[in-house]
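Secondary and tertiary structure notes
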Amino acid sequence: GIGACGELNTADEFVGAMNVQQFGVYANPNNAPICNMCVKITGPKGTVKIKIVDKCPTCEFGDIDLSPVAFKVIGDEFQGRIPISWEGC
């Protein structure tokens, strides 16, 4: 669907949603500096690069919600939540 950054994305794209605290508050979220930012995420199974396209209101500080295809690279889907580290790329 259409995320907070104003783009239409699908589950087979390497995209993610940043937690609200780190996404920030903007009158027009499409203008958030984090929109379209490249993030390299490392999880138990590996590392993946994604583009931030949305914000995640239920995520905790430091969390990024990933599309299914991106999540499969770093973890097993049945786990739901996994420990990650991330940095800009």
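Remember, predicted model here, so these are calculated numbers, not experimental data.

**Description of the overall build of the chain**
For the chain, the helix and strand inventory stands at two helices and five strands. Listing every helix and strand of the chain by position from the N terminus yields β-α-β-β-β-α-β. Its C-alpha radius of gyration of 12 Å places the chain within 12% of the 12 Å reference for a compact globule of 89 residues. Each principal axis of the C-alpha distribution contributes one length, and for the chain these read about 35 × 25 × 25 Å. Residue burial in the chain is summarised as follows: out of 89 residues, 37% are buried. Residue pairs at least 24 apart in sequence account for 67% of intrachain contacts in the chain once pairs closer than 6 positions are excluded. As displayed, the chain offers around 5100 Å² of accessible surface, 54% of which is attributable to carbon and sulfur atoms.

**Some remarks on unusual backbone geometry**
Leaving glycine aside, a negative phi is the common case for residues, and trans is the common case for peptide bonds. Positive phi is not limited to glycine here, since Asn36 has a value of about 70°. Within the secondary structure layout, Asn36 lies in the loop between α1 (20–23) and β2 (38–43). Take Asn36: its relative accessible area is 41%, and that puts it in the partly exposed class.

**Structural notes on the environment of Val25**
Mapped onto the secondary structure, Val25 falls in the loop between α1 and β2. Spatially, the C-alpha atoms of Val25 and Asp12 are 28 Å apart, while their sequence positions differ by 13 residues.

**As for the UniProt feature "domain: RlpA-like protein double-psi beta-barrel" (unreviewed entry) in the chain**
UniProt records the feature "domain: RlpA-like protein double-psi beta-barrel" (unreviewed entry) at residues 25–85, using the numbering of this structure. Secondary structure across residues 25–85 comprises 11% helix and 34% strand; the distance between its end C-alpha atoms is 23 Å.

**Digging into the side chain of Asp63**
Relative to the helices and strands, Asp63 resides in the loop between β3 (46–56) and β4 (64–66). Side-chain polar atoms of Asp63 contact the side chain of Arg81, separated by 2.6 Å. In contact with Asp63, not counting residues within four places along its chain, are Ala17, Met18, Asn19 and Arg81.

Parameters and conventions
- Residues numbered from 1 in each chain as written.
- Predicted model: local features only at pLDDT ≥ 70, side-chain atom pairs only at ≥ 80, totals over all residues.
- Heavy atoms only, no water.
- Helix = DSSP H or I, 4+ residues; strand = E, 2+ residues; numbered from the N terminus.
- Rg over C-alpha atoms; globule rule 2.2 N^0.38 Å.
- Buried < 20%, exposed > 50% of the residue type's maximum accessible area, 1.4 Å probe, protein only.
- Contact = heavy atoms within 4.5 Å.
- Areas by Shrake-Rupley, 256 points an atom, 1.4 Å probe, with all protein chains shown as cover.
- UniProt positions renumbered as here; feature names shortened; annotations may be inferred.
- Polar contact = N/O pair within 3.5 Å; in protein donor to acceptor, adjacent residues only side chain to side chain.

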